[in-house]
Amino acid sequence: MSKIADNLISVKERIEKAALRAARDPGEVKLVVVSKTIGVEEIREAISAGAAILGESYVQEAKEKIEEIGHQVRWHMIGHLQTNKVKQAINLFDMIYSADSINLAEEIDKRAKQSGKTISVLIQVNISQETTKSGIERDSAISLVSKIVNLTNIKVEGLMTMPPYFDDPEDTRPYFKSLRELKEEIERKGFENIYMKELSMGMSSDFEIAVEEGATIIRVGTAIFGERG
Ligand SMILES: *Cc1c(COP(=O)(O)O)cnc(C)c1O
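Residues numbered from 1 in each chain as written. Predicted model: local features only at pLDDT ≥ 70, side-chain atom pairs only at ≥ 80, totals over all residues. Heavy atoms only, no water.

**Student:** Outline unusual backbone geometry, supporting the account with residue identities and numerical values.
**Tutor:** The phi angle at A23 is positive, at roughly 55 degrees, despite the residue not being glycine. When you line up the elements, A23 lands in the loop between α1 (3-21) and β1 (30-34). Judged by relative accessible area, which is 73%, A23 ranks as exposed. Although it is not a glycine, N193 sits at a positive phi angle of roughly 65 degrees. (Helix = DSSP H or I, 4+ residues; strand = E, 2+ residues; numbered from the N terminus. Buried < 20%, exposed > 50% of the residue type's maximum accessible area, 1.4 Å probe, protein only.)

What follows is the structure, given as structure tokens:
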């Protein structure tokens, strides 16, 4: 078996164990295989081994790969999205993870309308309040959601976050917990057309903790493809 297939199986096993530790159904957790900077041949290997959702961070890079590989798998835009790339992104991706301002959300809505689509998005939350990270501040997230309610061609499916890196993954737990609590808070508001079903949190270094804390989408690159060059 190839290294990539091997790694994929091992990540899936670790997801399953983490879910069971938290008395969750492992089937609730979707694995996004993060393929940014990874070449088409290796991506194809991952797909043969069962990868069903690929995560990309840059529109232009993703476009080239998607043109070659096609839509036999789903493609998620996990990176920061610039306004001038929204039109392309709408046509390439099944979900956009990085809606973090009303301006960006309005642009996504407008372009989706023009393409005759409704696009799924996650609200990216800067849960650690680090100034270097993109994402909306936790305290402003509810206000953003309340404005997105009026945008007809955006379907908010949940929240996404990227906590700081820690040597000890256990240190990320409070951030994951905080995102889950924010999701529950938004759910209680009962906004129309807002579906708080997804929590995208957890990467190679900390996805087991994220699964224990309720992640429904984890994003894993390095643990499947190895260190990016
Ligand atoms: C690169 C990236 C990942 C994957 O990180 P790994 O540590 O390689 O698993 C996950 N999420 C986002 C937003 C990324 O940019």
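**Student:** Go over the layout of surface pockets with me, naming the residues and quoting the values.
**Tutor:** The space that makes up the largest pocket amounts to roughly 540 Å³. For the largest pocket, the lining is made up of 26 residues, of which K36, M162, M203, R219 and R228 are closest to its centre. Among the residues making up the lining of the largest pocket, the classes are represented as 11 nonpolar, 10 polar and 5 charged. (1 Å grid on protein atoms, 1.4 Å probe; cavity = no way out; pocket = protein on both sides within 12 Å on 5 of 7 lines; lining within 4 Å. Points joined across faces, edges and corners; volume = space filled by probe spheres on them. Nonpolar A, V, L, I, M, F, W, Y, C, P; charged D, E, K, R; others polar.)

**Student:** Kindly report on the packing of helix α6 (residues 138-148) against helix α7 (residues 173-189), identifying the contributing residues and their values.
**Tutor:** Close contact between α6 and α7 brings their axes to 11 Å; oriented N to C, the two are set at 30 degrees. Here α6 lies roughly parallel to α7, going by the angle between them. The element α6 and its partner α7 pack so that their crossing is right-handed. Between α6 and α7, the residues in contact are R138, A141, I142 and V145 and S178, E181, L182, E185, I186 and K189, respectively. Taken together, the residues of the contact of α6 with α7 break down into 5 nonpolar, 1 polar and 4 charged. (Axes fitted to C-alpha atoms, helices over the stretch in contact; angles between N-to-C directions. Parallel < 35°, antiparallel > 145°, perpendicular 65-115°, else oblique. Left-handed = near helix turned anticlockwise from the far one by under 90°. Contact = heavy atoms within 4.5 Å.)

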